[in-house]
Amino acid sequence: MSLRCLTSVTRDGGVATCAVAGLLTVVGLQPVLAIDVNLSMEEAQKALEAGRAPMEKANYRLEAFGRQEAAESKKRKTDVRMPEEFIKKVVDMPNMEIEVQLCGDDEYFAEGALIELQQGSKKIKPIDIGKAERGRKNEGSGPTYRSRFTALFAYEKFDPTAASVFVVNLQDGNEARIFAEFSKVK
């Protein structure tokens, strides 16, 4: 799974950080409920349907695909739907995939970035971290470059009801903390 938008941006030591994701959406700073990773096929289909309509807040990780279906359907002027095999694969995923976007002043500032999920004194390491992209030029003022990388965290390793912080450490010693609320995420 991946996070559509972690609701905070941190600027620490010249590095602005925003965590983003594709399948999993983190919404607001509300009381933490839980991440539902055991959706039925019917619930998955309902989530896709919900994503096809304009929505202010996301409640299911599959809504992003519903929005994608709607956009493709509009572009092609015909209904575009995700295959059932793909939906089942998403529902059965044992991991949460997050995409972290970083801004910095050097083209290679994000190389070797590390991330962990902290819940109180518990530190959860990702099961995999993708290589950071080479920085791309930003327009306007602020940090000159932006980069991103992905990380996978096993659902079984963390508590979806606990207060959570993603900690990103860069090779230059800078650290960014991204607070995550997993409320209303399914």
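Rules behind the numbers
Residues numbered from 1 in each chain as written. Predicted model: local features only at pLDDT ≥ 70, side-chain atom pairs only at ≥ 80, totals over all residues. Heavy atoms only, no water. Helix = DSSP H or I, 4+ residues; strand = E, 2+ residues; numbered from the N terminus. Buried < 20%, exposed > 50% of the residue type's maximum accessible area, 1.4 Å probe, protein only. Contact = heavy atoms within 4.5 Å. Salt bridge = Lys/Arg side-chain N within 4 Å of Asp/Glu carboxyl O. Pairing = 2+ DSSP bridges. Phe/Tyr/Trp six-rings, centres within 6.5 Å; stacked < 30°, edge-to-face > 60°. pLDDT = per-residue confidence, 0-100. Core = buried A, V, L, I, M, F, W, Y, C linked by side-chain atoms within 4.5 Å. Arc of directions from axis to C-beta.

Colleague: Account for the overall build of the chain, naming residues and giving values.
Modeller: Across its full length, the chain carries three helices and ten strands. Along the chain direction, N to C, the helices and strands of the chain fall in the order β-β-α-α-α-β-β-β-β-β-β-β-β. Buried positions account for 44% of the 186 residues belonging to the chain. Taking as baseline every contact in the chain between residues at least 6 positions apart, the subset at least 24 positions apart corresponds to 65%.

Colleague: Residue-level account of the pattern of salt bridges, with values.
Modeller: When their charged atoms lie close together, side chains carrying opposite charge are able to pair. On inspection of all chains with the given rule, the structure shows ten salt bridges. Among the ionic pairs, Glu 99 bridges to Arg 148, the shortest N-O distance being 3.7 Å. You can see Glu 99 sitting in strand E3 (residues 95-104) and its partner Arg 148 sitting in strand E8 (residues 145-154), a full 49 residues away along the chain. For Glu 99, a relative accessible area of 18% translates into the label buried.

Colleague: So, the pairing of strand E4 (residues 114-119): which residues are in play, and what are the values?
Modeller: Among the six residues that make up E4, five are buried, leaving the element largely enclosed by the rest of the structure. Of the strand pairs in this sheet, E4 and strand E5 (residues 122-124) are connected by three bridges, and their pairing is antiparallel. Pairing of Gln 118 across the sheet is with Lys 123, part of E5. A loop of two residues connects E4 with E5, the two strands running antiparallel in sequence, and Gly 120 in this loop sits at a positive phi of about 65 degrees.

Colleague: Give a detailed account of unusual backbone geometry, specifying residues and quantitative values.
Modeller: One non-glycine residue, Lys 77, lies in the positive phi region at around 60 degrees. Along the chain, the position of Lys 77 falls in the loop between helix H2 (63-76) and helix H3 (84-91).

Colleague: Can you break down the packing of aromatic side chains residue by residue, with the values?
Modeller: Summed over the entire model, instances satisfying the criterion amount to two aromatic pairs. The interplanar angle of 65 degrees and the centroid separation of 5.6 Å between the aromatic rings of Phe 153 and Phe 166 together place this pair among those described as edge-to-face. On the criterion of sequence distance, the pair formed by Phe 153 in strand E8 and Phe 166 in strand E9 (residues 164-169) is long-range, its members being 13 residues apart. Grouping residues by exposure puts Phe 153 and Phe 166 together as buried.

Colleague: So what's going on with the confidence of the model for the chain? Which residues, and what values?
Modeller: Here the chain averages 76 in pLDDT, and 70% of its residues register 70 or above. Highest mean pLDDT in the chain belongs to E5 (97); lowest belongs to strand E1 (residues 5-12) (35). Note that residues 1-33 has pLDDT below 50 and, in this model, 128 contacts with residues that lie over four places away or in other chains. The low-confidence segment residues 54-59 (pLDDT under 50) makes 13 contacts with residues lying over four places distant or belonging to another chain.

Colleague: Any details on the nonpolar core? Residues and values, ideally.
Modeller: Counting 24 residues, the largest nonpolar core has Ile 115, Phe 153, Phe 166 and Val 168 as the members making the most contacts within it. For this core, the secondary-structure elements that each account for two or more residues are E3, E4, E8, E9 and strand E10 (175-180). Setting aside its immediate chain neighbours within four residues, Ile 115 contacts Ile 98, Val 100, Pro 126, Ile 129, Phe 149, Ala 151, Phe 153, Phe 166, Val 167 and Val 168. Formed by eight residues, the second largest nonpolar core is a distinct cluster that contains Leu 48, Phe 65, Met 82 and Val 90.

Colleague: Outline H3, listing residues and values.
Modeller: Those residues of H3 that sit buried are Ile 87, Val 90 and Val 91. Projected onto a plane normal to the axis of H3, the buried residues spread over an arc of 100 degrees and lie on a single side. Summarising the geometry of H3, the exposed residues directed more than 90 degrees from the buried face are Glu 85 and Lys 89.

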